[in-house]
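Structure at a glance
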Amino acid sequence: AVMRTLRSIRICYKFRSARAMMLRAKEGVGYMMCNLAFLGLILLSYIAIGMQIFQNVLPTPNSELPRCNFKNFGSSFLTLFQILTGDMWMQIVFEAMSVTGFSSAVFFISFFILSNWIGLSLFTAVVLDQFSLR
């Protein structure tokens, strides 16, 4: 698999238009890292807010600790990363709503919309900027 990838990169460098596209994509890596850092700041702020709001609330008393909780930084990160990727994130919202009510849905849905909207729009902006005609 590695040799096939290297072969395709070598072939791309032989064609002028493909080489120009690869160089422009390489120039955009720095901007993408800035976008990822900004998305990381949003994630860290929601982790801090979630740990303050849900640390002693989730899970319900007399039950075992679920995988998605806000007891520590690592669990909070995994919970919000699962919501960010959209992997069964509504199950987390419904479990939190059963314990805390509608306010938890506002927290989780605002994080989902904000992080995905910002991530997608910034990614699109970088791609359009790098591949625009100069």
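As the structure is a computational prediction, the values presented were derived from the model and not from experiment.

A separate point is unusual backbone geometry. Note on backbone geometry: most residues besides glycine have negative phi, and most peptide bonds are trans. The backbone of Met88 shows a phi angle near 55 degrees, a positive value even though the residue is not glycine. By secondary structure assignment, the location of Met88 is in the loop between helix H4 (73-85) and helix H5 (89-100). Take Met88: its relative accessible area is 53%, and that puts it in the exposed class.

So, on to the environment of Ile42. Positionally, Ile42 belongs in helix H3 (residues 29-54). Judged by its relative accessible area of 9%, Ile42 falls in the buried class. Linking Ile42 and Ala25, residues 17 residues apart in sequence, is a C-alpha distance of 25 Å. Not counting the four nearest positions on each side in its chain, Ile42 is found in contact with Phe111, Leu114 and Ile118.

Time to look at a nonpolar patch on the surface. A cluster of nonpolar side chains, contributed by Phe38, Leu41, Leu44, Phe73, Phe77, Leu78 and Phe81, occupies part of the molecular surface with about 680 Å² of accessible area. For the nonpolar patch, the elements supplying multiple residues, two or more each, are H3 and H4. It is H4 that contributes the most residues to the nonpolar patch, four residues altogether. Its place among the elements puts Phe81 in helix H4. Under the relative-accessibility criterion, Phe81 is labelled partly exposed at 39%.

Parameters at a glance
Numbering of residues starts from 1 in every chain and runs along the sequence as written. The predicted origin of the model limits local features to residues at a pLDDT of at least 70 and limits the giving and counting of side-chain atom pairs to 80 or more, whereas totals for whole chains, interfaces and linings rest on all residues. In computing side-chain properties, one takes all heavy atoms of the structure into account and sets aside hydrogens as well as water. Every helix listed is a DSSP run of H or I at least four residues long, and every strand listed is a run of E at least two residues long, numbered separately from the N terminus. Under the scheme applied here, a residue whose accessible area is under 20% of the maximum for its type counts as buried, over 50% as exposed, and between as partly exposed, the area being computed with a 1.4 Å probe on protein chains only. Throughout, a contact is declared for two residues whenever any of their heavy atoms are within 4.5 Å. A patch consists of residues exposed above 30% relative accessible area that lack any salt bridge, with like charges linked at up to 9 Å and nonpolar side chains (Val, Leu, Ile, Met, Phe, Trp, Tyr) linked at up to 5 Å. Exposure was quantified through the Shrake-Rupley algorithm and a 1.4 Å probe, taking into account, for residues, occlusion by the shown protein chains and nothing else. Salt bridges are counted wherever a side-chain nitrogen of Lys or Arg sits within 4 Å of a carboxyl oxygen of Asp or Glu.

Structural measurements only, silent on function.
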